[in-house]
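A look at the structure
Letter by letter, the chains look like this.
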Amino acid sequence: MKEITRLFDFPYYQLENKPNDAALVTKQNGEWVKTSTQEYIDKANAISRALLKLGVKKDDKIAIISTTNRTEWNIMDIGILQIGAQNIPIYPTICAEDYEYVLNHSESIYCFVSDQEVLDKVNKVKKNTGLKDVFSFDQITECKHYSELLELGKDTSNQNEVESRKKEVKPLDLATIIYTSGTTGKPKGVMLSHWNLTSNVLASAPRVPLKGGQNKVLSFLPLCHVFERVLIYVYQHAGASIYYAEAIDKIGENAKDIKPHMMSVVPRLLEKVYDKIMAKAEELSGIKKALFYWAVGLGEIWEPYKKNGAWYEFKLGIANKLIFSKWREGLGGELHTMVSGSAALQPRLTRIFSAAGMQIMEGYGLTETSPVVSVGKYKNNMFKVGSVGIPINNVEVKIAEDGEILIKGPNVMMGYYKDPEKTASVMTGDYFHTGDKGEIDSDGFIKITGRKKEMFKTSGGKYIIPTLLENDLKQSRFIEQIMVIGESEKMPAALIQPNFEFIGDWIEHKKLPVDNTPEAISNSEIIHERIQKEIDKCNEKFGKWEQIKRFELTPDVWSIDDGHLTPTMKMKRDVIKNKYLELIEKIYRP
């Protein structure tokens, strides 16, 4: 086969080099349904033929909105791309008004939805868009089913046209527009070419420890996010079997079922997995409890490449046999690697999970960089706790005078759709301004130190990097979310969403006189005093001007649906500030 230069080349490469009977696997009606590489390509071609019959032209836009990852997403992706049209993935969790904005801004002419809930949101705004029709992956009575296109595409008489369209698609042609879930304002449409993404896949693949075609990966992070989408192409390139989790709350159950070797995660998920493990530990007693905490203590000081010496490794072997093996069993027993991205990961979690035999590969990137800039790899000494690895091949990273990370390479986006001014504002020549601050050490490892925009000055003129304090405090099991505030104020302070689930169990365990409701917890003096201890412990690590002097607890859960968080779980700082103006007044003007 000729060189891979376009996204739809990946399944054909797999068919020629590593054909797989279980290339894509989705659970339907309680059964794992396997799609082979050949069937994947056959169905993608049927979709292409059907879209041509519907009159889809080069550069037409087709939206996909799916609540969960599923095989149909990939079939549609290839079917759309190989006829020169573009795939517009949309976050399912955004509101109907944002659906309307993205569908109109992208000028999408067809939309594919996963289920009734998404369809209802699309139908609410459909009349205000240019959509010609909507198809669903689930069987829904009032919506055309996507199988109608497979039926329409059964007639192979126009396959020649599909082939000629494929030949016309050039590596530098637009492949997709990904609308970033911005923390402020309307989403920006990031234009990525076939080569932006393909070059990123090919340069990232050597960092991923997959062997042969026997690997099973579990996928649950949304495919509309470029991080998971690129990993899916990486897995296809490696010939791995991709199993799609039913839902985020079924990851443990699905992992036990399929026994994956690898999966991608976001830090928030690892934090929740860890919290659940620790909550179970509280139920232990005697020698079992002592052994558990001894093992966790060993994990907290883990260093790569056996730097702690033979005696430590001997003790770790015992901890692995007695304690950590049960952690692995909870995720199927075969999991050896987790790729973490999207936000900063606590070094403590990197150490503990790595000590437990589940290696963490932390990476860094943005939608605008397709996304991978750097990623760790255990082999060849390319791993360092607290770093996001070494840049991948062909990607150049430099630090500007003000500490901002700048990126140059074939992965840098074509620009923001219909917004040349915004595009120009983030580019200096070929270098993309990430808005992140960071450092590169003498070994070439990148460390992220914060967001340029999120850094603020107190009224005393001192600079505060909130993410450093936030990442430290999120290690506390009492704290679910935290946002450090204090721009132009006399001191840093914090708004905190308590970990209501953990605190509820803690109240019960300690038999405390506090009602187990979010309202009561957030107003409890006892809880305030306990969280103050966590704040005091954190403050010891920072200069006096950086320390959090006051905080308030919010009575509700910060969520995507209520607007506190973006679909990738990043805080919408302005939204959170506006929601809790009264609490901020209470902090600074009591």
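It should be noted that the structure appears before, not after, this text.
So, a few notes on the structure that sits alongside this text.

What counts, and at which threshold
- Residues numbered from 1 in each chain as written.
- Predicted model: local features only at pLDDT ≥ 70, side-chain atom pairs only at ≥ 80, totals over all residues.
- Heavy atoms only, no water.
- Helix = DSSP H or I, 4+ residues; strand = E, 2+ residues; numbered from the N terminus.
- Polar contact = N/O pair within 3.5 Å; in protein donor to acceptor, adjacent residues only side chain to side chain.
- Contact = heavy atoms within 4.5 Å.
- Buried < 20%, exposed > 50% of the residue type's maximum accessible area, 1.4 Å probe, protein only.
- Phe/Tyr/Trp six-rings, centres within 6.5 Å; stacked < 30°, edge-to-face > 60°.
- Lys NZ or Arg CZ within 6 Å of the ring centre and 35° of its normal.
- Salt bridge = Lys/Arg side-chain N within 4 Å of Asp/Glu carboxyl O.
- Pairing = 2+ DSSP bridges.
- Right-handed = clockwise from strand over helix to strand, strands pointing away.
- Axes fitted to C-alpha atoms, helices over the stretch in contact; angles between N-to-C directions.
- Parallel < 35°, antiparallel > 145°, perpendicular 65-115°, else oblique.
- Nonpolar A, V, L, I, M, F, W, Y, C, P; charged D, E, K, R; others polar.
- Core = buried A, V, L, I, M, F, W, Y, C linked by side-chain atoms within 4.5 Å.

Here we take up the side chain of lysine 437. As for its position among the elements, lysine 437 is in strand β21 (residues 431–440). Polar contacts involving the side chain of lysine 437 include one to the main-chain carbonyl oxygen of aspartate 402, which spans 2.4 Å. Leaving out residues up to four positions away in the same chain, lysine 437 has contacts with Asp402, Gly403, Glu404, Ile405, Lys447, Ile448, Thr449, Gly450, Lys452 and Met455.

The next thing to look at is the environment of isoleucine 531. By the secondary structure assignment, isoleucine 531 is in helix α19 (residues 525–539). By relative accessible area, isoleucine 531 is classed as buried at 0%. Taking the C-alpha atoms as reference points, isoleucine 531 and glycine 297, 234 residues apart in sequence, are found 22 Å from one another. When near neighbours in sequence (up to four residues on either side) are disregarded, isoleucine 531 contacts Phe478, Ile479, Ile496, Ile503, Phe551 and Leu553.

Scanning all chains against the criterion turns up 18 aromatic pairs. Summarising the aromatic geometry, the rings of phenylalanine 478 and phenylalanine 502 are spaced 5.0 Å apart at their centres and angled 90° between planes, so their arrangement reads as edge-to-face. Taken together, the residues span a long stretch of sequence, with phenylalanine 478 in the loop between α16 (466–473) and β25 (479–485) and phenylalanine 502 in helix α17 (residues 500–510) at a distance of 24 residues. The buried category is assigned to phenylalanine 478, whose relative accessible area is 6%. For phenylalanine 502, a relative accessible area of 14% puts it in the buried group. One aromatic cluster in this structure is built from Tyr110, Phe112, Phe135, Phe137 and Tyr146. The ring of tryptophan 545 is capped by lysine 462, whose NZ or CZ atom sits 5.5 Å from the centre of that ring.

A word on the pattern of salt bridges. Evaluation of the coordinates by the stated rule reveals 25 salt bridges. The residue glutamate 39 makes a salt bridge to lysine 43 at a minimum N-O spacing of 3.1 Å. Of this pair, glutamate 39 and lysine 43 both sit in helix α2 (residues 37–53), four residues apart, roughly one helical turn. With relative accessibility at 30%, the residue glutamate 39 sits in the partly exposed group.

Turning to the pairing of strand β10 (residues 216–219), a few remarks are in order. Pairing between β10 and strand β11 (residues 241–244): four bridges, direction parallel. Considered in β11, the bridge of valine 217 is made with isoleucine 242. In the classification by handedness, the crossover that spans β10, the intervening helix α9 (residues 226–238) and the parallel β11 is right-handed. Across two bridges, β10 lies against strand β12 (residues 262–265) in parallel orientation. Bridge pairing in β12 places leucine 218 opposite methionine 263.

Spatially, the nine strands line up as an open sheet ordered β2-β1-β11-β10-β12-β13-β14-β15-β16, and their pairing is mixed. Among the strands making up the open sheet, the edge pair consists of β2 (31–35) and β16 (390–391). Two elements, strand β13 (residues 337–340) and strand β14 (residues 359–365), share four bridges in a ladder whose sense is parallel. Bridged to threonine 337 within β14 is glutamine 359.

In the segment running from serine 370 into proline 371, the intervening peptide bond is cis, with an omega of -15°. Counting through the fold element by element, proline 371 comes out in the loop between β14 and β15 (372–375). For asparagine 380, which is not a glycine, the phi torsion comes out positive at approximately 60°. Among the structural elements, asparagine 380 can be located in the loop between β15 and β16. Non-glycine residue lysine 511 carries a positive phi angle of around 55°. Tracing the backbone shows lysine 511 in the loop between α17 and α18 (518–523).

It is worth spelling out the packing of helix α11 (residues 267–281) against helix α12 (residues 286–300) at this point. Axis separation between α11 and α12 bottoms out at 10 Å; the angle between their running directions is 150°. By the angle class used here, α11 and α12 are roughly antiparallel. The residues of α12 that touch α11, namely those facing Tyr274, Ile277, Met278 and Ala281, are Lys289, Phe292, Tyr293, Val296 and Glu300. Of the residues in the contact of α11 with α12, the class split is seven nonpolar, no polar and two charged.

Let's shift gears to the nonpolar core. Formed by 122 residues in total, the largest nonpolar core has its most connected members in Phe112, Tyr235, Met263, Phe324, Trp327 and Met338. Tallying contributions element by element places α9 first for this core, with nine residues. Those residues in contact with tyrosine 235 that sit more than four places away from it in its chain are Gln14, Leu210, Val217, Ala240, Ile242, Met262, Met263 and Ser264. Among the nonpolar cores identified, the runner-up in size contains 26 residues, and Ala96, Val125, Leu174 and Tyr417 belong to it.

Moving on, we get to the packing of helix α3 (residues 71–81) against α9. Here α3 crosses α9 at 90°, and the two axes come no closer than 13 Å. The angle between α3 and α9 places the two elements in the roughly perpendicular class. Here Trp73, Asn74, Asp77 and Leu81 of α3 lie close against α9, whose contacting residues are Arg229, Ile232, Tyr233 and Gln236.

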